[in-house]
Amino acid sequence: MRKVHLFLLGLSLTLFSCSGGQETQNMKMMTPVSFADVTIDDAFWTPRLLIHKDVTLPVCIDQIENQTGRIRNFENAAKGEGEHSGIYFDDSDVYKALEGMAYSLQIEPDPELEAKCDEWIDKFAAAQQPDGYLNTFFTLTGLENRWDNMDKHEMYCAGHMTEAAVAYYKATGKRKLLDVAIRFADHMMSVFGPEGRHWVPGHEEIELAMVKLYEVTSEKKYLDFAGWLLDQRGHGYGTYGKKIDRDWPEVYYQDEVPVRELSRITGHAVRSMYLYCGMADVAAYTGDKELTAALDRLWDHVVNRNMYITGGIGQSSHNEGITEDYDLPNLTAYCETCASVGMVLWNWRMLQFTGDGKYGDVMERSLYNGALAGISLKGDRFFYVNPLESEGNHHRQAWYGCACCPSQICRFLPSVGNYVYGTSEDALWVNLYMGSETTVKLRGKDVRVKQETTYPWDGYVKMTLGMDKPLKAEVRLRIPAWCKDYTVTVNGEAVTAPVRNGYVALPKKWADGDQVELVLSMPVEEVTADPRVKEDVGKRAVQRGPIVYCLEEVDNPEGFDSLRLTEDAQFGLNELNKRQWWGHPLMEIKAHAGGKTLTFIPYFAWDNREAGKMKVWIPLEEK
Ligand code: FUB
Ligand code: ZN
């Protein structure tokens, strides 16, 4: 039951093939099925979603309303008097929390929560300036200073407000916030653009948000504005304005070269992720092959040289971002939670574009490891920084002065159903394994899909299809790259189905009640890093299926620092009592090595018990 494989493999470039067509035709290979249309019933995810609603949302609301001045800033801005408290981009946390509340409403109506959203939205609307501008920091500290400093996050906040507005409109059909977002977008376009001023937003986000606004309004001007903003980068326009802080070089802001020439991730990790999402979103409608080629180069550079085994990125706290290729320190890894969520968002877009499972693999890795570690199992504490090793002094916190990560988790978790299914004209794509039900349209006909699985603890998946009349279509199942052995049966009969681009395709005339069973073999794997990663030379990590494991001192109190894996280590699995893990089903791994037993738990579950040391990469005993 033991395999050793090399984690950071050199992957060849794959250029996207976007066929031509109208300028705004969507070029994606697959359209994701919205989480709002996916009902999750899953041993792993259902407890998380319940805890999100019952614990995480109230924690975020309390922080925003009572523990910090975030809502008060909007009230003061509406009155035009009073102080601004906190950081100049704190508005974004309120918008991100609202987005999470809107997603929660899409899953399950809740009049009380909806009333809270309406209350906040009234405050946002009241704080909007007559010309459409909305930012409590500048309203309260001097509107004459607005749009002068690329790093002051005005468009970043605008982008998060727009995402929240689109989410809430979809959840309730109410337009009030959407109209606020439209007025703000129109304001920005009256100041900046081909006929106006140059501008490079110091923190990306507005680009992907403008594409969302385009999608919901069908107003192409927003898509064009997103494209224009992307094209502003790399021409020295970042210094435009009167009061620019240029403490950081252009690479920090992804402003060193035009976006089509990018081939290396640089600078701030979260900014990079949002930029790449925006590039993918614009390219999805314009078919811009230079943008997609740049994204392809960037992906190779991120994944094969700068990504941790947890799917996290950003090695350094200095720039909250990228250092050198293959420099992947464990103890000082930054791996901001938002950057892991960004990896999910970006790889999800790449997957839609290409239908290539390699993006699904990274999406899954970042989701189950880097992103999930960002929240405690109880749902009430958050990690901002996610190192792969700890001396015992790194712990989740109830909130942060800079609270981008808690609010990120708040909006990300309820939308996890987004990543499960996709469709193309005649194919259902199953991208993630999660117990769930949905109804999709294939060849214009409704197909009901039911998925049952105990993933990620087991590789068994059963899909049952329902339809009124038999239908010729394909079911495509992603076979994760970690899985070297799988079987597929259709109605109990084994089928030979090779993996192409990370998926097995099952073409068939499907009938009501047809069943597909997939068994992904999920042995414990020992992983070695690329030898260029100096930090991990002579070490191994333990992974099973999509889950990366770690050692915690609480389970391994004796001689933690001297624990070693051996070449002949034997691994066994042990199901943990979920009552002791706040209702979460968990699997630990016991490694018997050199006469000792090492107990591994999933990396995402660390720091939920007694404080202590932790590590993901374990030294291998020297011969
Ligand atoms: O600047 C806004 C957010 O705060 C960034 O995305 C995070 O890295 C943190 O700096
Ligand atoms: Zn963050």
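The present account deals with the structure reproduced in this document.

Parameters and conventions
- Residues numbered from 1 in each chain as written.
- Chains lettered and ligands numbered in written order.
- Predicted model: local features only at pLDDT ≥ 70, side-chain atom pairs only at ≥ 80, totals over all residues.
- Heavy atoms only, no water.
- Salt bridge = Lys/Arg side-chain N within 4 Å of Asp/Glu carboxyl O.
- Helix = DSSP H or I, 4+ residues; strand = E, 2+ residues; numbered from the N terminus.
- Buried < 20%, exposed > 50% of the residue type's maximum accessible area, 1.4 Å probe, protein only.
- Donors = N, O, S within 2.8 Å, 3.2 Å for Na, K, Ca; no water.
- Tetrahedral: all angles 85-135°; square planar, octahedral: opposite > 155°, others 65-115°.
- Expected span 1.5 Å × (residues − 1).
- Polar contact = N/O pair within 3.5 Å; in protein donor to acceptor, adjacent residues only side chain to side chain.
- 1 Å grid on protein atoms, 1.4 Å probe; cavity = no way out; pocket = protein on both sides within 12 Å on 5 of 7 lines; lining within 4 Å.
- Points joined across faces, edges and corners; volume = space filled by probe spheres on them.
- Core = buried A, V, L, I, M, F, W, Y, C linked by side-chain atoms within 4.5 Å.
- Contact = heavy atoms within 4.5 Å.
- Pairing = 2+ DSSP bridges.

Let's talk about the pattern of salt bridges
The tally for this structure, following the rule as stated, stands at 41 salt bridges. Between Asp131 and Arg146 there is a salt bridge; the shortest N-O distance is 2.7 Å. Taken together, the residues Asp131 in the loop between α4 (111-127) and α5 (136-141) and Arg146 in the loop between α5 and α6 (154-172) connect sequence positions 15 residues apart. Of the residues examined, Asp131 reaches a relative accessible area of 34% and is grouped as partly exposed. For the salt bridge of Asp561 with Lys613, the shortest nitrogen-to-oxygen distance reads 2.9 Å. Separated by 52 residues along the polypeptide, Asp561 in the loop between β18 (547-552) and β19 (570-575) and Lys613 in the loop between β21 (596-602) and β22 (614-615) bring together distant segments of the chain. Each of the salt bridges in this network shares a partner with another, and the network as a whole consists of Glu99, Glu163, Lys212 and Arg411.

Thoughts on the coordination of the zinc ion (ligand 2)
The protein atoms donating to the zinc ion (ligand 2) are Glu336 (OE), Cys338 (SG), Cys404 (SG) and Cys405 (SG), with metal-donor distances spanning 2.0 to 2.3 Å. Seen from the zinc ion (ligand 2), its four donor atoms lie at angles of 93 to 116 degrees, and the figure they make is tetrahedral. Counting residues between consecutive donors of the zinc ion (ligand 2) along the chain gives the motif E-x1-C-x65-C-C. Overall, the relative accessible area of 3% leaves Glu336 in the buried class.

What about helix α11 (residues 289-305)?
With 17 residues, α11 should reach 24 Å at 1.5 Å per residue; the first-to-last C-alpha distance of 24 Å fits that figure. For α11, a buried count of 13 out of 17 residues is recorded, marking the element as mostly surrounded by other parts of the structure. Backbone nitrogen of Glu290 and a side-chain oxygen of the N-cap are separated by 3.0 Å at the start of α11; the cap is Asp288.

Focus: the layout of surface pockets
To find leftover empty space, a probe the size of one water molecule is rolled over the atoms. By volume, the largest pocket amounts to about 740 Å³. For the largest pocket, the lining is made up of 31 residues, of which Lys170, Lys212, Glu215, Trp348 and Asn418 are closest to its centre. Where the lining of the largest pocket is concerned, the elements lending two or more residues are β2 (31-32), α3 (91-107), α6, α8 (206-217), α10 (269-286), α12 (337-354) and α14 (404-412).

Let's talk about the nonpolar core
The tendency in soluble globular proteins is for nonpolar side chains to be buried as a group. One finds Met279 and Trp346 to be the most contacted residues of the largest nonpolar core, which totals 213 residues. The leading source of residues in this core is α10, at 13 residues.

Some remarks on α8
For α8, built from 12 residues, the straight-helix expectation of 16 Å at 1.5 Å per residue is met to within 8% by its first-to-last C-alpha distance of 16 Å. Among the residues of α8, those classed as buried are Ile206, Glu207, Leu208, Ala209, Met210, Val211, Leu213 and Tyr214. On its buried face, α8 sits against α6, α7 (176-191), α9 (220-232), α10 and α12. Once α8 ends, the next one or two residues include Ser218, with phi positive near 60 degrees.

Considering the pairing of strand β10 (residues 471-478)
In terms of burial, β10 is a largely internal element, seven of the eight residues being buried. Note that β10 and strand β14 (residues 503-510) share eight bridges and pair antiparallel. Bridge pairing links Val475 to Leu506 in β14.

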